[in-house]
Amino acid sequence: MGKRILLLGAPGAGKGTQSKRLAETYGVEHVTTGDALRANKDMETEYGTPRSFMEKGELVPDAVVNEIVEAALEDADGYVLDGYPRNLSQAEYLTEITDLDAVIYLKVAESELVERLTGRRVCDDCGTNFHVKFNQPEEEGVCDDCGGELVQRDDDTEETVRERLSVFKENTEPVIEHYRDEGVLVEVDGEQTPDEVFEDVQAVIDDA
Ligand code: ADP
Ligand code: ADP
Ligand code: ZN
């Protein structure tokens, strides 16, 4: 059975960047609710479309997200879960459907998060993350991995970023405290270079 890894952190902490590498290194599935929702932004649900929540920086209703995660985990032989759970009720749901081998919190200060998110550029084709200052592509606007076009996400504007960070504080920080109280949380300094962060994260997983 492949490793079952949960990566927690604020928006911009580096979950997507690290998850991509982890999925390749450990041969596990990258399960990310953010990407799954972006691919289904205009899906009609009884609560409205995911887009109507995402463009305001609010959480998409639990019922919608829980269903996505359950289906993705069912099919996976090992995974790195990124962007979920984002509140305590999602965390409870996750406990019901799976066990975890490692729970890692990428810790980054808020001032750094704002700069990371507003400077983020994402490949339109393969989803790889870049940054205008911290992680520049070889050619401006072009993905190193696949040649796709780099774009700015609609919700990476300063105003929506502030809202997302406040949603994180109110809803997701309690999730981190929940895993800390259970004694399973391992904190990693997310302000190091991506390579250094990756080394620390790997050490946690290989130890688990
Ligand atoms: P980031 O990695 O920058 O935090 P994501 O791509 O994970 O952003 O999420 C983008 C948006 O998708 C969130 O602001 C939220 O609206 C929605 N979303 C993603 N995951 C969840 C989740 N687990 N629960 C509710 N909404 C979610
Ligand atoms: P998340 O998925 O947690 O929202 P991302 O992995 O998308 O975070 O990273 C947010 C932005 O910060 C991206 O532009 C990414 O290139 C950049 N970034 C990721 N890790 C680091 C790091 N260790 N140092 C500096 N910038 C980083
Ligand atoms: Zn690409």
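Reading guide: rules and limits
Residues numbered from 1 in each chain as written. Chains lettered and ligands numbered in written order. Predicted model: local features only at pLDDT ≥ 70, side-chain atom pairs only at ≥ 80, totals over all residues. Heavy atoms only, no water. Donors = N, O, S within 2.8 Å, 3.2 Å for Na, K, Ca; no water. Helix = DSSP H or I, 4+ residues; strand = E, 2+ residues; numbered from the N terminus. Buried < 20%, exposed > 50% of the residue type's maximum accessible area, 1.4 Å probe, protein only. Near = heavy atom within 4 Å. Polar contact = N/O pair within 3.5 Å; in protein donor to acceptor, adjacent residues only side chain to side chain. Areas by Shrake-Rupley, 256 points an atom, 1.4 Å probe, with all protein chains shown as cover. Nonpolar A, V, L, I, M, F, W, Y, C, P; charged D, E, K, R; others polar. Pairing = 2+ DSSP bridges. Contact = heavy atoms within 4.5 Å. Phe/Tyr/Trp six-rings, centres within 6.5 Å; stacked < 30°, edge-to-face > 60°. Lys NZ or Arg CZ within 6 Å of the ring centre and 35° of its normal.

What follows concerns the coordination of the zinc ion (ligand 3). Every protein donor of the zinc ion (ligand 3) is listed here as C123 (SG), C126 (SG), C143 (SG) and C146 (SG), and their distances to the metal cover 2.3 Å. Written as a sequence motif, the donor residues of the zinc ion (ligand 3) are C-x2-C-x16-C-x2-C. One end of the pair, C123, is in strand 5 (residues 120-123); the other, C143, is in the loop between strand 6 (129-131) and strand 7 (150-151), and 20 residues separate them in sequence. For the residue pair C123 and C143, the accessibility class agrees, reading buried in each case.

Turning our attention to the site of ligand 2. The environment of ligand 2 is formed by 19 residues, the closest being G12, K15, T17, R120 and F130. Here an oxygen atom of ligand 2 and a backbone polar atom of G14 are 3.0 Å apart. Coverage of ligand 2 by the protein chains reaches 93% of its 560 Å² of free accessible surface. Looking at the shell around ligand 2, the elements with two or more residues in it are helix 1 (15-26) and strand 6. Tallied by class, residues from the shell around ligand 2 come to six nonpolar, ten polar and three charged.

Time to look at the pairing of strand 1 (residues 4-9). With six of six residues buried, strand 1 is to be regarded as a mostly interior element. A two-sided burial pattern is seen for strand 1, the buried positions comprising R4, L6 and L8 on one face and I5, L7 and G9 on the other. Direction of pairing for strand 1 relative to strand 3 (residues 79-82): parallel, over a ladder of four bridges. Residue pairing for strand 3: R4 is matched across the bridge by Y79. Where strand 1 meets strand 4 (residues 102-107), five bridges bridge the pair, whose relative direction is parallel. Across the sheet, residue G9 finds its bridge partner in strand 4, namely L106.

Along the chain, Y84 falls in the loop between strand 3 and helix 5 (88-97). The class of Y84 is buried, set by a relative accessible area of 1%. The spacing of Y84 and E70 is 14 residues in sequence and 11 Å in space, taken between C-alpha atoms. Apart from the residues within four sequence positions on either side, Y84 is in contact with L6, T33, V65, N66, V69, Q90, Y93 and L94. In this structure the side chain of Y84 is engaged in a polar contact, spanning 2.6 Å, whose partner is the side chain of N66. Within the local environment of Y84, its side chain forms a polar contact with the backbone oxygen of Q90, the two atoms lying 3.3 Å apart.

The next point concerns the site of ligand 1. If you check the shell around ligand 1, you find 19 residues, and the closest are T33, E58, R86, R120 and R164. Separating an oxygen atom of ligand 1 from a side-chain N or O atom of R153 is a distance of 3.1 Å. For ligand 1, an oxygen atom lies 2.6 Å from a polar atom in the side chain of R164. Coverage of ligand 1 by the protein amounts to 96% of the 550 Å² it exposes when considered alone. Element by element, the count of residues in the shell around ligand 1 is highest for helix 2 (residues 33-39), at four residues. Of the residues assigned to the shell around ligand 1, the class counts are seven nonpolar, four polar and eight charged.

Next up on the list: the packing of aromatic side chains. Throughout the structure, instances matching the rule amount to zero aromatic pairs. Directly above the ring of F198 sits R21, whose terminal nitrogen or CZ lies 5.4 Å from the centroid.

On to the pairing of strand 5, then. The side chains of a regular strand alternate, residue by residue, between the two faces of the sheet. Alignment of strand 5 against strand 6, held across three bridges, turns out to be antiparallel. The residue of strand 6 that forms the bridge with R121 is F130. Taking the residues between adjacent antiparallel strands as the criterion, strand 5 and strand 6 are bridged by five residues, where G127 takes a positive phi near 85 degrees. Two elements, strand 5 and strand 7, share two bridges in a ladder whose sense is antiparallel. If you follow C123 over to strand 7, its bridge partner there is L150.

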